[in-house]
Amino acid sequence: MTALMQLLLVGFVRFPAGHARIRPVAGSDPFNAFDLLRDTMEGMMRIGLTGGIAAGKSTVAQRLNDLGLVVIDYDALARQIVAPGSEGLRRIAQEFGEQAICEDGGLNRSWLAGHVFGEQAAPGARERLDAIEHPLIYEAASRIEQRLMRGECETDGEVDGADVDSNHETGGHDGGTDGKCDDDENHERRGKYDGSRSRGWREAATRAIVVHDVPLLAEVIDAVPFSFAHIVSVEAPAETRIARMMGTRGMTREQALGRIRHQSSEAERRALADEVIDATQPIERMFEHVDTLVAQWRSELRDESYR
């Protein structure tokens, strides 16, 4: 059991009857769950978005953003909270050693991935990393929600964790295959809203549908300090995902299999979700499915119980 799963349970978020996935809210430093709830209980519908690595979740997230929904990308937040000079990076170095930091001050993702996910990883290494990162990620997500509800966000400015083009579906420590240290050269869109940014923020200023894009939601569902009205999982066969990782991410077959092994199973994600999107169907049909879901959620959001 990870440290996050031992947090004190302090409250719940209310959703309309028949659509609720009530989960306990964890309250622990560095943020207070009551502060999180104060600004998000009314007028907000949370959607949990997850899926197998390389299944097509990012495509669905982009469609949701194009339709005007706010998408909080947890992989982008995972990068943010371990940026050079951050508290997260300091804690990682303290826990795993100074080798976790490159000479330029960035996170040595390849080194850390090997020591957390590799065959030589020490027992409990992933749990130790999760105990550092997860509270910081949840805090960052809660700040975005609170800014939304207070109407403090700019429609065309940068927004923390708002990227929907993620290549780090193992929690931000994929490490790649090039052995390089942390490098944002290929992540210039991180922290910005793409697609219909203004539409999304205008909707969020009044009655928001906020999508939490959480690759490992099935693994953290009992610890994550948010409740979701609906959970959507994007799925594709393992061989399809392996081929995608080998073709687009430069992984070997063994590396791709390793990424899959470190995630929950498809059966576990399907059991958690109340909607499953088949990412192997033609993209037009997949988008029709997504569009139908958004129309349904907006209808539910107009229900009196959200006010």
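Looking now at the pairing of strand β6 (residues 230-235). Counting buried residues along β6, six of its six residues qualify, which places the element largely inside the surrounding structure. The alternating pattern of β6 places His 230, Val 232 and Val 234 and Ile 231, Ser 233 and Glu 235 on opposite faces, both of which are buried. The sheet contact formed by strand β3 (residues 44-51) and β6 spans five bridges and is parallel. The partner of Gly 51 across the bridge, within β6, is Val 234.

Let us now look at the sheet that holds strand β7 (residues 275-278). The parallel open sheet is built from five strands, whose spatial order is β4-β5-β3-β6-β7. In this open sheet, the two strands that pair with only one neighbour each are β4 (70-73) and β7. Each neighbouring strand pair of the sheet contributes to a mean axis angle of 25°, computed without reference to strand direction. Contacting β3, β4, β5 (208-213), β6 and β7, helix α2 (residues 57-66) crosses the sheet at an angle of about 155° to β3. Along the sheet, helix α12 (residues 283-301) makes contact with β3, β5, β6 and β7, crossing β7 at roughly 155°.

Over its 19 residues, α12 runs 27 Å from end to end, which matches the ideal 27 Å to within 8%, given 1.5 Å per residue. Every buried residue of α12 is listed here: Met 286, Phe 287, Val 290, Leu 293, Val 294, Trp 297, Glu 300 and Leu 301. One side of α12 carries all its buried residues, which in axial view fall inside an arc of 140°. With respect to the buried face of α12, the exposed residues turned more than 90 degrees away are Glu 284, Arg 285, Glu 288 and Thr 292. Of the surrounding elements, those touching the buried residues of α12 are β3, α2, β5, β6 and β7.

Turning next to the confidence of the model for the chain. Per-residue confidence for the chain gives a mean pLDDT of 76; residues scoring 70 or more make up 67%. Below a pLDDT of 50 lies the segment residues 154-160, which in the model reaches 18 contacts outside its immediate sequence neighbourhood of four places, other chains included. Of the regions scoring below 50 in pLDDT, residues 182-206 engages in 72 contacts with residues more than four places distant in sequence or in other chains.

The tally for this structure, following the rule as stated, stands at 11 salt bridges. As a salt-bridge pair, Glu 266 and Arg 270 come within 2.8 Å of each other at their nearest N and O atoms. With a gap of four residues between them, Glu 266 and Arg 270 both fall in helix α11 (residues 266-272), about one helical turn apart. Looking at Glu 266, the relative accessible area reads 29%, which means it is partly exposed.

Now for unusual backbone geometry. For Ala 54, which is not a glycine, the phi torsion comes out positive at approximately 65°. A relative accessible area of 8% means that Ala 54 is categorised as buried.

On to the packing of helix α5 (residues 109-116) against helix α6 (residues 125-150). Each pair of packed helices can be described by the angle between their axes along with the distance between the axes. Their axes nearest at 8 Å, the elements α5 and α6 cross at an angle of 125°. By the criterion of interaxial angle, the relationship of α5 to α6 is oblique. Where α5 approaches α6, its residues Leu 112, His 115 and Val 116 are matched on the opposing element by Ala 125, Arg 126 and Leu 129.

It is worth spelling out the packing of helix α9 (residues 238-248) against helix α10 (residues 253-261) at this point. Contact geometry of α9 with α10 gives a least axis separation of 9 Å together with a crossing angle of 125°. Between α9 and α10, the angle is such that the two are oblique. Crossing angle aside, the handedness with which α9 passes α10 is right-handed. Packed against α9, whose contacting residues are Ala 238, Glu 239, Arg 241, Ile 242, Met 245 and Met 246, the element α10 presents Arg 253, Ala 256, Leu 257, Arg 259 and Ile 260 at the interface. Residue composition of the contact of α9 with α10, grouped by class: seven nonpolar, no polar and four charged.

Attention now moves to the nonpolar core. Grouped burial of nonpolar side chains is what soluble globular proteins tend to show. With 41 residues, the main nonpolar core has Tyr 74, Leu 77, Ile 92, Phe 96, Leu 112, Leu 217 and Val 224 as its most contacted residues. Among the elements of the structure, β4, α3 (74-80), α4 (87-96), α5, α6, β5 and α8 (217-220) are those that each provide at least two residues to this core. Considering each element in turn, this core owes the most residues, 10 residues, to α6. Listed in part, the 25 residues of the second largest apolar core include Val 71, Val 232, Ala 236 and Trp 297.

Parameters and conventions
- Residues numbered from 1 in each chain as written.
- Predicted model: local features only at pLDDT ≥ 70, side-chain atom pairs only at ≥ 80, totals over all residues.
- Heavy atoms only, no water.
- Buried < 20%, exposed > 50% of the residue type's maximum accessible area, 1.4 Å probe, protein only.
- Helix = DSSP H or I, 4+ residues; strand = E, 2+ residues; numbered from the N terminus.
- Pairing = 2+ DSSP bridges.
- Axes fitted to C-alpha atoms, helices over the stretch in contact; angles between N-to-C directions.
- Contact = heavy atoms within 4.5 Å.
- Expected span 1.5 Å × (residues − 1).
- Arc of directions from axis to C-beta.
- pLDDT = per-residue confidence, 0-100.
- Salt bridge = Lys/Arg side-chain N within 4 Å of Asp/Glu carboxyl O.
- Parallel < 35°, antiparallel > 145°, perpendicular 65-115°, else oblique.
- Left-handed = near helix turned anticlockwise from the far one by under 90°.
- Nonpolar A, V, L, I, M, F, W, Y, C, P; charged D, E, K, R; others polar.
- Core = buried A, V, L, I, M, F, W, Y, C linked by side-chain atoms within 4.5 Å.

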